[in-house]
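Listed below, chain by chain, are the residues.
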Amino acid sequence: MTDSTYDFGTVRDDLTPLEDDCKLLGSLLDECLRVEVGEGLFKKIERIRTLAQCSSTLALKGDSVASNMISQRLADELMTLEMEEAVPLTRACGHYLNLSGIAELHHGVRRDRSQREPNPNSCEHVFSRLITEGLNPEELYRAVSEQQVEIVLTAHPTQVNRRTLQYKHTRIAALLQQHDRSDLTSEERRNVVSELQREVAALWQTDELRRQKPTPLDEARGGLHIVEQSLWAAVPQYMRRLSAALKKHTGHDLPLQATPFKFGSWMGGDRDGNPNVTAQVTAHVTALARWMAADLYLREIDTLRFELSMSQCSAAVWRMARRIIAEGNTRKAGAVRAKAAAAATQGAADAASHGGSEAAAVAAAATLIGGTGSGPVSFALPPATLGGGNGHHTAGGHRRRGGKSASGDGGVGVLAGGAGAAFPGGMILGTQPVAAHTAADVSVPHDLPGQDVEGGSEFDFSLSRRESESGDTPTSASPDGGLTSASASGAADGLLPDVLTTNLSANLNDPGTPDAVPPLTPAGGAATPFRDGASAPRWPGGTAGLSATPAASGAAAASGAAAAAQLAAAGATADAARAQSSLDPVLMRRTLMAQRTGAGAIQFARAHEHPGFHPYRIVLGHVRDRLAATRRRMEDLLSGREPGAPEGGPMWYEHEDELAEPLMACYWSLWECGGGVIADGRLLDLIRRVYTFGMSLMKLDLRQESTRHAEALDAVTVYLGYGSYLEWSEDQKIEWLTKELQGRRPLIPADMPMSSEVREVLDTFKVAARLGRGSLGAYVISMTKGASDVMAVELLQREALMQVCAELGRTPDDSASLRVVPLFETLEDLEAAGDIVTRLFTNPWYRAHLASAHDNHQEVMLGYSDSGKDAGRLAANWALYKCQEQLVALTKAHDIRLTLFHGRGGTVGRGGGPTHLAIQSQPPGSVEGSFRITEQGEMVQAKFGISGVALSQLETYTTAVLLASTRPPSAPRREEWRGVMEMLSRASCESYRHVVHQNPLFIQYFKRATPEEELGNLNIGSRPARRRQDPSISTLRAIPWIFAWTQNRLILPSWLGIGAALMAAIQQGHLPSLQAMYREWPFFGSTIDLIEMILAKTEPRIAALYDSVLVEDPEQRRLGGELRERLARCQAAILKVTGHERLLDNNPTLRKLINMRNPYVDPINILQVEVLRRLRKDPNNQRLRDALLISINGIAAGMRNTG
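Counting of residues starts from 1 at the beginning of each chain's written sequence and follows it residue by residue. Residue-level local features of this predicted model are given only where pLDDT is at least 70; pairs of side-chain atoms are given and counted only at 80 or more, and the full residue set underlies all totals for whole chains, interfaces and linings. Values shown for side chains rest on all heavy atoms present in the structure; no hydrogens or waters enter the calculation.

Moving on, we get to the overall build of the protein chain. Only DSSP runs of H or I with at least four residues qualify as helices, and only runs of E with at least two residues qualify as strands; both kinds are numbered from the N terminus onward. Secondary structure assignment for the protein chain yields 43 helices and 12 strands. Every one of the 1203 residues in the protein chain was classed for burial, and the buried ones make up 60%. We call two residues in contact when some of their heavy atoms are within 4.5 Å. A fraction of 82% describes how many contacts in the protein chain between residues 6 or more apart in sequence connect residues 24 or more apart. For accessible areas, the Shrake-Rupley method is used with a probe of radius 1.4 Å. Any residue's cover is judged against the shown protein chains and nothing else. Carbon and sulfur atoms make up 52% of the accessible area of the protein chain, which totals about 44200 Å². Buried, partly exposed and exposed residues are distinguished by accessible area as a fraction of the type maximum, computed with a 1.4 Å probe on protein chains only: under 20%, between the cut-offs, and over 50%, respectively.

Dropping the structure here:
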């Protein structure tokens, strides 16, 4: 329950259960410490903890003299400790803070579940409120169904805990949830406590330090781990909750294909200032994500195949099953023929070598193969052969499975080294062994009752009873590899009309086979620049790209279209029926149930029954084969092997529509056959996952600084003799870029010499062209300074697409390009954003491109971190607010849809804060059903690491965006308020910059008074702390800037300048206006509330200790004293505006939580000061460096939102 995770002020929370959990975990840690460190040191730890608690309690009661006296005694005792004692003490405090954090997260989930009154941010409460306020239920349904929220996970270095520890924390949270159960027996409760004790002991014995800096691949694995750990379960659970609330308040279920939220990632794609993220890394990460997706889907399919054992199905599913059986026969026949041909040829060659004539040998070989060398060969397989040769016949003609698979390992292959073999890169992904490259090994994962290798039944694949009784002819392989079949639907016999009949009779080829591959892009699938089922494009480095898979057939919605036609026949227009079927599934279900009820029970059963077969298992078995092929292909790419063409085997999946097609067919088939309750279980959950996560789980954004693109184009223009691109004016750049984009000739010669930096930029665009929209999301340009920065990326992107398509012999498709997103970060950039976007929208080429490639949709990213570092938090917030207002007006004027991408961090200094509060404080019109936001660092684990917490967060995002779209936050009620904000912005910016950018002492003071320089030794991120090797604040990244100030508890960037601005406004008589703005303007009110939260976390007494011990220069110490005085004035100004007597009067829950943590954070701070003092005298002492890193981890755990 980190401070940015829950909107604490919305409820008066009873913290008694939380305190009980903290006492339980604390006592278990104490028991562990007695054993691990000995009774003597444990008593010393207890004494330190008691002193810290006494000091904190006295401070809360207002006795500052006594509190300071005990604090000084505490500091004296801690600073004389030997490292052998200091390190265990620091670890003990840090572990207690981590355990209390787990308890807080669990308490948040428990609170949401146990509240008698509905959570004000819940779907149930918000939907009811909106309808009560007059929103039409149909409008509510449409708004939710069409909502598009994307949460982008980033790997910014503020997640200090190793993934091993995160897993143990999740396990402890699950045990706490189990411990809450009221129906546990005494024995069961003791067992839960014992399990907790074991987990706590394992925590203590695990090294909490990363001994190596994580690579971008490590960070990407961490992001994928979040999906597997919690989001995979939370997404379908939340979709059920959302659909139930919609059904209650609107009468409609959530559409099956609706994706009210999706997930993106920057892990492995954010190359801004990170040389470790290369083009090859990006390609590797996308393959890793697809491997994980295939693996997770495989697990679900295995369970579904066991569950869907029924033999009744729709005609559409039955035709799918027959087609799969026939294709299996054809494949196996071809394999047997090939083996026979090889054996015969070898035999003939042997005969010839022993004296026979060559002509006779050839004739004998042809005879053995079974043909004359012309025309198709008829080949029939016995039923046992259909199962791969591992079965036998019973007396009744039944074939039972027996023995092991061809590989001898029970049907599941493993990499060399056994089931625990490491995945490429040293990570074991998933819980199942990685399949070897043998088709038979991956066809059937378990011995399902009555199932053969093809996923069918124990019976021969002959005519079903219904076929023999209705006169249908069996399906057989045709010479061209297709199927010839009479009607299998029974419609000719006057039976139930086929609601879900697909067009398979017209095209019975599997949409994933080469015969079904359309020329370029799939209908309904993701646009990619090329298609080729045989030869794959190559990544830089020699591995094959992902886009070479066959296209999706676009038949995922075939069932819905057929149902729409049925509805149209009943009286509705075809268009209206089709539109309805694509939204609310209730109408389709009712139609199917009505048709089932209207038909005779015996006739209906005869029309759908296929005794001896398990059609769903056959269809899902084929799905599993393709998923296994997808996983094998990704393994090849990750291992550096060249993926081969399937050559008759199952094709891999590229797009989610290919996977959704058979699942949707099975879903509507179950409803048609009376199994709707089954369809709405695990199968519906899987369909929801497919449309939410796709085939890549989280689409990867690419990000690069604008200067890198300009330098690449400069190299091109200089080489071609056009002059230096970098020296051109903005108008010259735009003119040249537009001319090149309007032309069709290639720009960059293939043999052009270039630096490694330029080559890396161009290679990145080539990888993007190969991967396409199926794996990638947006291309984000950081530090956007002009319209030419966006046009430059468009040109480089088009050039790469042309080169890649030329290599493949394809025609480039500009509509397949990634959306290009300008990122405005500094105060100057935010103020110029309107002019830059206007210039783009008035450029003829760009406007036409936006319409043709992106459906008149523009995305713009706003940077909260660098703007705050540049101008201070208050000035940055106001600049962001005005920028959003301007962008909304511009896009509406040009009839363009706008999505704002908010680059927020975890702490207030980087735009963080409670989700609902943050979204509700956006300008009117800036959130219209579309919202994109980053979740960074430790907030990823805090918000999405536990399934119950993730569930609450997803609900909060949905309802907050819905409210901001349908009931936008109010604008300033009076024009006077804008004038006050302008004055506050100017005053706060001047005050902030006077200290940070203009004071010559500040940089050195910052380095001495915080562990900024030492943070580089903390292996918490792959990216360097600075963009360039320049000691200025401007080149320092915003994350270590915030992180360092959080460590010494001054948290300077979040409040500096605000107090001076507010005091100046109060002195000018604006206090009544400020108080009215706080009460009535959501933007201003949320800003002040977040600053108040940060001020409550500061501790000037601790910051003064850092100064007195670590800062040697008297002038720098004086600067530190001035900053603490500014802090006190800021607190006083905030209290005047809010009307509170003390900080967090309106949020007593959070205030109590902070007070519970402080007695454990204070000793760590004191020890960190002493460790820093010693380390700066002996910088190569590894023991001291480890002690410092442990203290940094502990303080981060106590401060919660650190960066």
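Here, axes are lines fitted to C-alpha atoms. For helices the fit covers the stretch in contact, and angles between N-to-C directions go from 0 to 180 degrees. In contact at an axis separation of 6 Å, helix α38 (residues 1071-1080) and helix α39 (residues 1082-1097) are set at 95° when each is read in the N-to-C sense. What the angle tells us is that α38 and α39 run roughly perpendicular. When α38 is examined against α39, the residues L1074, M1077, Y1078 and E1080 are found in contact with a partner set consisting of P1082, F1084, G1085, I1088 and D1089. When residues are grouped by polarity, Ala, Val, Leu, Ile, Met, Phe, Trp, Tyr, Cys and Pro land in nonpolar, Asp, Glu, Lys and Arg in charged, and all others, Gly among them, in polar. Of the residues in the contact of α38 with α39, the class split is 6 nonpolar, 1 polar and 2 charged. Orientation labels follow simple angle bins: below 35 degrees gives roughly parallel, above 145 gives roughly antiparallel, 65 to 115 gives roughly perpendicular, and whatever is left gives oblique.

The next point concerns the confidence of the model for the protein chain. For the protein chain, mean pLDDT is 79; residues scoring 70 or higher make up 75% of the total. Note that pLDDT drops below 50 for residues 1-10; the model gives that stretch 55 contacts with residues more than four away or on any other chain. Every residue in residues 364-581 scores below 50 in pLDDT, and together they form 449 contacts with partners more than four places removed in sequence or on other chains. Every residue is assigned a pLDDT by the predictor, reflecting its confidence on a scale from 0 to 100.

For the rest of this paragraph, the subject is the sheet that holds strand β11 (residues 897-903). Only when DSSP finds a minimum of two bridges between them are two strands counted as paired. Taken together, 8 strands build a closed barrel; the order of strands is β1-β2-β7-β8-β9-β10-β11-β12 and the barrel is parallel. Averaged over neighbouring strand pairs, the angle between their axes works out to 25° when direction is ignored. Here strand β7 (residues 699-705) runs beside strand β8 (residues 776-782); their pairing, made up of 5 bridges, is parallel. From the neighbouring strand, L702 faces β8, where its bridge partner is Y779. Strands β9 (819-824) and β10 (857-863) of the sheet are contacted by helix α27 (residues 827-841), whose axis makes an angle of about 150° with β9.

On to unusual backbone geometry, then. Although it is not a glycine, L697 sits at a positive phi angle of roughly 65°. Judged by relative accessible area, which is 1%, L697 ranks as buried. Of note, the phi angle at R1049 is positive, near 70°, even though the residue is not glycine. With respect to the helices and strands, R1049 occurs in the loop between α36 (1038-1047) and α37 (1058-1067).

Let us now look at the packing of aromatic side chains. Centres within 6.5 Å make a pair out of two Phe, Tyr or Trp rings, where for Trp the six-membered ring is used; the pair is then stacked when the planes are under 30 degrees apart, edge-to-face when over 60, and tilted otherwise. Summed over the entire model, instances satisfying the criterion amount to 29 aromatic pairs. The structure contains a cluster of three or more aromatic residues connected by ring pairs, namely W232, Y238, F261, F263, Y297, F693 and F944. In this analysis the charged atom, NZ for Lys or CZ for Arg, is taken to sit over a ring once it is within 6 Å of the ring centre and within 35 degrees of the ring normal. Against the face of W652 rests R633, its NZ or CZ located 4.1 Å from the ring centre.

This part takes up the pattern of salt bridges. By salt bridge we mean one thing: a side-chain nitrogen of Lys or Arg within 4 Å of a carboxyl oxygen of Asp or Glu. One pass over the full model with this rule turns up 63 salt bridges. When the shortest N-O distance is used, the salt bridge between E84 and R1183 registers 2.6 Å. Taken together, the positions of E84 in helix α4 (residues 83-114) and R1183 in helix α43 (residues 1182-1199) put the pair 1099 residues apart, joining distant regions of the chain. R1183 sits in the partly exposed class, given a relative accessible area of 49%. A salt bridge links E1014 to R1176, with the nearest nitrogen and oxygen atoms 3.2 Å apart. Of this pair, E1014 sits in the loop between α35 (1002-1009) and α36 while R1176 sits in helix α42 (residues 1148-1177), and the two are 162 residues apart along the sequence.

A few words on the UniProt feature "active site" (unreviewed entry) in the protein chain. UniProt positions are given in the numbering used here, feature names are shortened, and annotations may be inferred rather than shown by experiment. UniProt's entry tags H156 and K869 with the feature "active site" (unreviewed entry), counted in the numbering of this structure. Looking at the secondary structure, you find K869 in helix α29 (residues 865-871). Given the relative accessible area of 5%, K869 is considered buried.

On to the environment of D1113. Mapped onto the elements, D1113 comes out in the loop between α40 (1100-1110) and α41 (1114-1138). Take D1113: its relative accessible area is 31%, and that puts it in the partly exposed class. Taking the C-alpha atoms as reference points, D1113 and R1008, separated by 105 residues in sequence, lie 9.5 Å from one another. Identification of polar contacts relies on pairs of N or O atoms within 3.5 Å, with a donor-acceptor requirement for protein atoms, meaning one able to donate a hydrogen and the other able to accept it, and with residues adjacent in sequence counted only if both atoms are side-chain atoms. Only 3.0 Å separates the side chain of D1113 from the backbone nitrogen of Q1116, close enough to count as a polar contact.

Turning our attention to the environment of T164. Along the chain, the position of T164 falls in helix α7 (residues 163-179). For T164, a relative accessible area of 36% puts it in the partly exposed group. Separated by 42 residues in sequence, T164 and T206 place their C-alpha atoms 8.5 Å apart.

Our next topic: the packing of helix α25 (residues 756-771) against helix α26 (residues 787-808). Put simply, α25 and α26 touch, their axes get as near as 8 Å, and they point 65° apart. In terms of crossing hand, the pair formed by α25 and α26 is right-handed. Listed contacts from α26 to L762, F765, K766, A769 and R770 of α25 are V793, L796, Q797, A800, L801, Q803, V804 and E807. Classifying every residue of the contact of α25 with α26 gives 8 nonpolar, 2 polar and 3 charged. What makes a crossing left-handed is the near helix being turned counterclockwise from the far one by less than a right angle; a clockwise turn instead makes it right-handed.

This paragraph deals with helix α23 (residues 706-720). Multiplying one less than the number of residues by 1.5 Å gives the expected span of a helix. Compared with an ideal rise of 1.5 Å per residue, which puts 15 residues at 21 Å, α23 spans 22 Å between its outermost C-alpha atoms and is within 8% of the ideal. Along α23, the residues that are buried comprise S706, H709, A710, A712, L713, D714, V716 and T717. If you follow the buried residues of α23, they end up packed against β7, α24 (730-742), α25, β8 and α26. Just downstream of α23, G721 is the residue with a positive phi angle, here 85°.

So, on to the side chain of H849. By the element assignment, H849 lies in helix α28 (residues 844-854). If we skip the residues at most four places from it in the chain, H849 touches E794, D814, S817 and H854.

Turning to helix α2 (residues 39-60), a few remarks are in order. Every α-helix winds through 3.6 residues per turn, so residues three or four apart in the chain are directed the same way. For α2, with 22 residues, the first-to-last C-alpha span of 31 Å sits near the 32 Å given by 1.5 Å per residue. Regarding α2, the residues found buried are L41, F42, I45, I48, R49, L51, A52, S55 and S56. Residues of α2 that are buried make contact with α1 (16-37), α3 (64-78), α4, α40 and α42. At the exit of α2 stands G62, carrying a positive phi of roughly 90°.

Within strand β12 (residues 930-936), 7 of the 7 residues are buried, which leaves the element mostly enclosed by the surrounding structure. Judged by which residues are buried, β12 turns out to be covered on both faces: S930, R932, T934 and Q936 on one side and F931, I933 and E935 on the other are all buried. Bridge count between strand β1 (residues 148-154) and β12: 7 bridges; the pairing is parallel. What sits directly across from L153, in β12, is E935. Where β11 and β12 come together, 2 bridges link them in parallel fashion.

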